[in-house]
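Coordinate inspection notes
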Amino acid sequence: MTAAFVARRMLLRSRAGTLVTVAAVAATVALQLFLFAVHEGVREGSTAYVRETSADIWVAQKNSDNILKSSSLLPASLSEDIARIPGVAAASPLLRVITKAEIRGRRSSTLFLLAFDPATRLGAPPRIVTGTSNIRDGELVLDRSFARKYALRAGDTLAIQGHRFRIAGLSDGTNALVSQFAFARFTDGESLLGIPGIASFILVRVSGDRAVVAQRIRDAHPDLAVYDARDFIQAHEDEMNSGVLPVFAAAAGFGAVVCVLLVALTLYNAVLAHREDYATLKAIGASSSFLLRVVLGQALLATAFGALAGGAIARGLAPLLLELVPALSLRFTPRLLFVFPACLVIGALAACAPVVLLRRIDPEEVFRA
């Protein structure tokens, strides 16, 4: 009887334990992929609009550096003053109204309505998946996740603060999870706000060097915050990285720890259940390195199959999750592939516990048995 024969027989007899390990890894990997996909979706949805809008410079009230969690109130006529600065091709007001809609007699969740000037289209939604962004008075573009949540389509109507709006189109990349964006004409935004002549930001398109033009605006208006578009985007990413995103990352990290413990416990029990087989292997001369390869191979094989199964589960359940929770934003990007090699590392770490047990098994146990 050779060590290899005994090892193969032992592995065949431990199929139930292996399946439990595969199932545990699959469930954990599916959870991790889901959390990281939400992480990527929120990161994308909260920054896509400012990344993809055609503005080169954002002008705001002092100490306001993002459209999500900071307040900014400026005179809308400021755009006319900025438009006269050399190097400015266009300047346009953008008004943010945080509101709720009434849909079929039901109050909606919070909606970030961004009202832009249709003449310059600075601040218009950059990605339209259905309909058009060339809106008229009384029309708006709605985030498609929000529309899915309330079973709305292009052509439907809703009410915001007593004003009826027709949905002209649906946008993508405008879902920040905690709230979604809508887009209307600046005049409609003023009507909703109830205070004419107010803007939240002034968006600027330049015809020359961006840094030079930004400095000219600062010199002309030293009491304002003037951001290069790259800096404004970075401010949004920093805001999200210090807020909700670490929560998802921490939850995924906790899932990895749970996975290590589950796999370690399963492998430990497998070694314990086949203690006599391992004693036999030692009795017929199997080396410590051979036994280590057996346990490590079992761990890596179960983890690899579990990781693949978890990936398939996550991708397969994604459409169902979006149907159940329409406000979710899931993005399975190539960045998430790191989960799979990480699982192999988890499997290797989990093998440490049974390896310690192996060293305590005495070859003479097989004769006592």
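In this report, the structure presented in the accompanying data block is examined.

Thresholds applied
- Residues numbered from 1 in each chain as written.
- Predicted model: local features only at pLDDT ≥ 70, side-chain atom pairs only at ≥ 80, totals over all residues.
- Heavy atoms only, no water.
- Helix = DSSP H or I, 4+ residues; strand = E, 2+ residues; numbered from the N terminus.
- Buried < 20%, exposed > 50% of the residue type's maximum accessible area, 1.4 Å probe, protein only.
- Contact = heavy atoms within 4.5 Å.
- Areas by Shrake-Rupley, 256 points an atom, 1.4 Å probe, with all protein chains shown as cover.
- Phe/Tyr/Trp six-rings, centres within 6.5 Å; stacked < 30°, edge-to-face > 60°.
- Salt bridge = Lys/Arg side-chain N within 4 Å of Asp/Glu carboxyl O.
- Patch = residues over 30% accessible without salt bridge, like charges linked within 9 Å, V, L, I, M, F, W, Y side chains within 5 Å.
- Core = buried A, V, L, I, M, F, W, Y, C linked by side-chain atoms within 4.5 Å.
- Pairing = 2+ DSSP bridges.

On to the overall build of the chain, then. The secondary structure content of the chain amounts to 13 helices and twelve strands. Residues classed as buried in the chain amount to 49% of the 369 residues present. Long-range pairs, those at least 24 residues apart, make up 81% of the contacts in the chain between residues at least 6 apart in sequence. With an accessible surface of roughly 17000 Å², the chain has 59% of that area assigned to carbon and sulfur atoms.

Next up on the list: the packing of aromatic side chains. Per the stated rule, a full pass over the model turns up eight aromatic pairs. Here Phe146 and Tyr150 contribute two aromatic rings whose centre-to-centre distance is 4.9 Å and whose plane-to-plane angle is 50°, an arrangement assigned as tilted. These aromatic residues form a ring-pair network of at least three members: Tyr49, Phe112, Phe181 and Phe183.

Attention now goes to the pattern of salt bridges. In total, this model carries ten salt bridges according to the counting rule given. The partner of Asp228 in a salt bridge is Arg230, with the nearest N and O atoms 3.5 Å apart. Put simply, Glu52, Arg127, Arg144 and Asp172 are held in one network by salt bridges that share partners.

What follows deals with a nonpolar patch on the surface. There is a patch of nonpolar side chains on the surface, built from Ile313, Leu317, Leu320, Leu324 and Val325 and spanning about 440 Å² of accessible area. Secondary-structure assignment places Val325 in the loop between helix H10 (288–324) and helix H11 (339–350).

In this section: the nonpolar core. The nonpolar side chains of a soluble globular protein tend to be buried with one another. If you look at the biggest cluster of nonpolar residues, it comprises 47 residues, and the most contacted ones within it are Tyr49, Trp58, Ile67, Leu94, Phe181 and Phe201. Setting aside anything within four residues of it in sequence, one finds Tyr49 in contact with Trp58, Ile67, Leu94, Leu114, Gly123, Ala124, Pro126, Gly173, Phe181 and Phe183. Core analysis: the second largest hydrophobic core is formed by 40 residues, Leu95, Leu111, Ile167 and Ala214 among them.

Here the focus is the pairing of strand S12 (residues 224–228). Along any regular strand, the residues point their side chains to alternate faces of the sheet. Along S12, five of the five residues are buried, which leaves the element largely enclosed by surrounding structure. Where burial is concerned, the two faces of S12 agree: the one with Leu224, Val226 and Asp228 and the one with Ala225 and Tyr227 are both buried. Note that strand S1 (residues 57–61) and S12 share five bridges and pair antiparallel. Paired with Gln61 across the two strands is Leu224, which belongs to S12.

Take it as geometry only, folks, not as evidence of what the structure does.
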